[in-house]
Amino acid sequence: METGVGAGAGGRAAIASAVASVAGLVRELERVVAGASPAGAGPDPLRELSEDSLEALELLARIEAATAAAKVRMIAVHAEAATLLEAPPAGAYRESAQEMTMVAEIACVLTIGERAASALLGQAHALTTTLPAALDALQAGTISWQHARAVVDETTGLDPARAAALVAHFFDPEDPNPARGATPGDLVPSRFRRKVRAWRERTFPESLEERHAIGVADRRMEYRPDVDGMAWLSLYLPGDTACAVWNKASAVARGLRGPGEGRTLTQLRADVAAALLMGARAGGAGGAASNPGAASNRSAASNPGAAGDASNCDAASNPGAAGDVGHDAGRSFDAGNGPHTEDGNPYAVDLGRIPAPKADVLVTVPVFSLLGLTDEPADLNGFGPIPASMARRLVADGAGSFYRVLVDPRDGAPLEIGRTSYRLPESMKRWIRMRDGRCTFPGCSNHTQDNETDHLTAWQHGGTTGISNLGQLCPKHHRLKHGSTWTPTPATMNEPPGWTSPAGRHYPAEQPDWQKPQWPPGFPAAEWIVPPGCPPGGASPFEEIIVAYLAS
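Residues numbered from 1 in each chain as written. Predicted model: local features only at pLDDT ≥ 70, side-chain atom pairs only at ≥ 80, totals over all residues. Heavy atoms only, no water.

Visitor: Explain the layout of surface pockets to me, using residue names and the numbers behind them.
Guide: The volume enclosed by the second largest pocket comes to roughly 860 Å³. Residue lining of the second largest pocket: 30 residues in total, with E58, G185, D186, L187 and Y507 positioned closest to the centre. At the level of elements, α2 (45-85), α8 (189-203) and β15 (506-507) are the ones that each hand at least two residues to the lining of the second largest pocket. For the lining of the second largest pocket, the element with the most residues is α2, which contributes 6 residues. Here the residues of the lining of the second largest pocket are counted per class, giving 14 nonpolar, 8 polar and 8 charged. (1 Å grid on protein atoms, 1.4 Å probe; cavity = no way out; pocket = protein on both sides within 12 Å on 5 of 7 lines; lining within 4 Å. Points joined across faces, edges and corners; volume = space filled by probe spheres on them. Helix = DSSP H or I, 4+ residues; strand = E, 2+ residues; numbered from the N terminus. Nonpolar A, V, L, I, M, F, W, Y, C, P; charged D, E, K, R; others polar.)

Visitor: Could you give me a rundown of the packing of aromatic side chains, with the residues and numbers involved?
Guide: Summed over all chains, the structure comprises 7 aromatic pairs. Ring geometry for F170 and F192: centres 5.8 Å apart, planes at 85°, overall edge-to-face. Residue F170 is located in helix α7 (residues 160-171), and its partner F192 is located in helix α8; the two are separated by 22 residues in the primary sequence. Comparing F170 with F192, the two get one shared label, buried. Of the aromatic side chains, those joined through ring pairs into one cluster are F170, F171, F192, W199 and F204. (Phe/Tyr/Trp six-rings, centres within 6.5 Å; stacked < 30°, edge-to-face > 60°. Buried < 20%, exposed > 50% of the residue type's maximum accessible area, 1.4 Å probe, protein only.)

Visitor: Residues and numbers for the pattern of salt bridges, please.
Guide: Scanning the entire structure with this criterion turns up 14 salt bridges. Between E154 and R197 there is a salt bridge, with its nearest N and O atoms 2.8 Å apart. On the criterion of sequence distance, the pair formed by E154 in helix α6 (residues 145-155) and R197 in helix α8 is long-range, its members being 43 residues apart. The class for E154 is buried, based on a relative accessible area of 7%. The partly exposed category is assigned to R197, whose relative accessible area is 39%. Notably, a salt bridge pairs R220 with D218, separated by 2.7 Å at the nearest N-O pair. One salt-bridge network, in which partners are shared between bridges, spans D153, E154, R193 and R197. (Salt bridge = Lys/Arg side-chain N within 4 Å of Asp/Glu carboxyl O.)

Visitor: Before we move on, can you summarise the packing of α6 against α7 with the specific residues and values?
Guide: Contact geometry for α6 and α7: axes closest at 10 Å, N-to-C directions at 145°. Note on packing geometry: the crossing formed by α6 with α7 is right-handed. Side by side, α6 and α7 meet where V151, E154 and T155 of the first sit next to A163, L166, V167 and F171 of the second. Residues belonging to the contact of α6 with α7 are distributed by class as follows: 5 nonpolar, 1 polar and 1 charged. (Axes fitted to C-alpha atoms, helices over the stretch in contact; angles between N-to-C directions. Left-handed = near helix turned anticlockwise from the far one by under 90°. Contact = heavy atoms within 4.5 Å.)

Here it is as structure tokens:
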């Protein structure tokens, strides 16, 4: 399939190829619709109609993608031809005027705003010049326009060679290290974007520390009134701090649920956050928000310059580590009107009736990065890649709400869960959280702390309590599994389950895309890490050294 564009015959051929792809898919759609059994024909006409409708929907999605690819090629060809028609600009002003003219023309033809037209021009240029494999996938209908946009966004700032490496990893099955698990088109766009971003940060981490420092300097709180007497309040914080705040609010909200509590977890989380910001406390434990001086070294809210430090997150997720909040202790809180002691308010949050929560968060750290030999990013469960310096602080400072997970320097697979817990059930749950990363149902992004560990094959049907027969499900999809014929496929130690729908359609698992960690310059060869004769599954001398180092 042709990927280049240009004025004249080459550009026309590219457009013709894109249009032919659309036409081919339309003919296939016509065949599916025409081949549907009429009512009363066939052994099960309703089932056939249902299956044909699903197949037609799938083809329509591919037609939309191919149409988007045709639009991209037409925009790129028009932009190049229009540039050649114009005389070379005499200066910056004339060049800007030519670009504005081109943007305005496309905006008027497509009936979109000029800002959207300008973005579309840039995306078309990137796809037709540096990301041809992604454009080919879009034209074939194997990915959607949202997937293609994610590739464009996540390759912005990369040089052509690195952009090509990223595209090859996800779209070229012959790549030496292709992406594991579901193909890009099998992932919902938001999950695909997150996977691409994580791979980019791990593979090209050089600028992450610098970008993180710039982001920390830009931290802020924003307030935006909305309709219906509501408003939005948002915080822009270092990822570890924001993750800990979210997990604390979630843990408190889960503790408040029970008989007589009609609010959803989402509603409780908002009420809890408002209560804590206004000075309430949980279970007799203090909160740093009301006593900044007592927690100046532990709270990012009271010491912004220390944002990103490991103990900041611990203070946010383990309120028992901070100072006393004072006069609001033990009182319920009305998220709209402040502290009160009267019953009946639907927004009341009585934080005094639950113990102080302690959320646990998995931090996956490459061994060499933890030792300071490389600066490879770590992965914060529920967030994504974080700078190596942040991960080292989380581990070294002993943040009580974080469990470190080391990864093998040979292939990126997990070595073990932090050795502070010896109870097998809890270790098993954390391993499954690390393996699955989220609810395993297709397209669901529910965080692991809100999920339930479920037997893939029920215990009463012969299922065992082992890693390969367990998976993460959010409450919604847990109920769906037991109340319908949606069926999980088998899992393995390192691969979560896929799913089969009631219509018999299979949806593969989204596996963690582990990468081989960076090897420090001048470090001994891999044969020293696992010398010949080392028993399979046994600890190598290198692993024993690492464990001894961490224990000390």
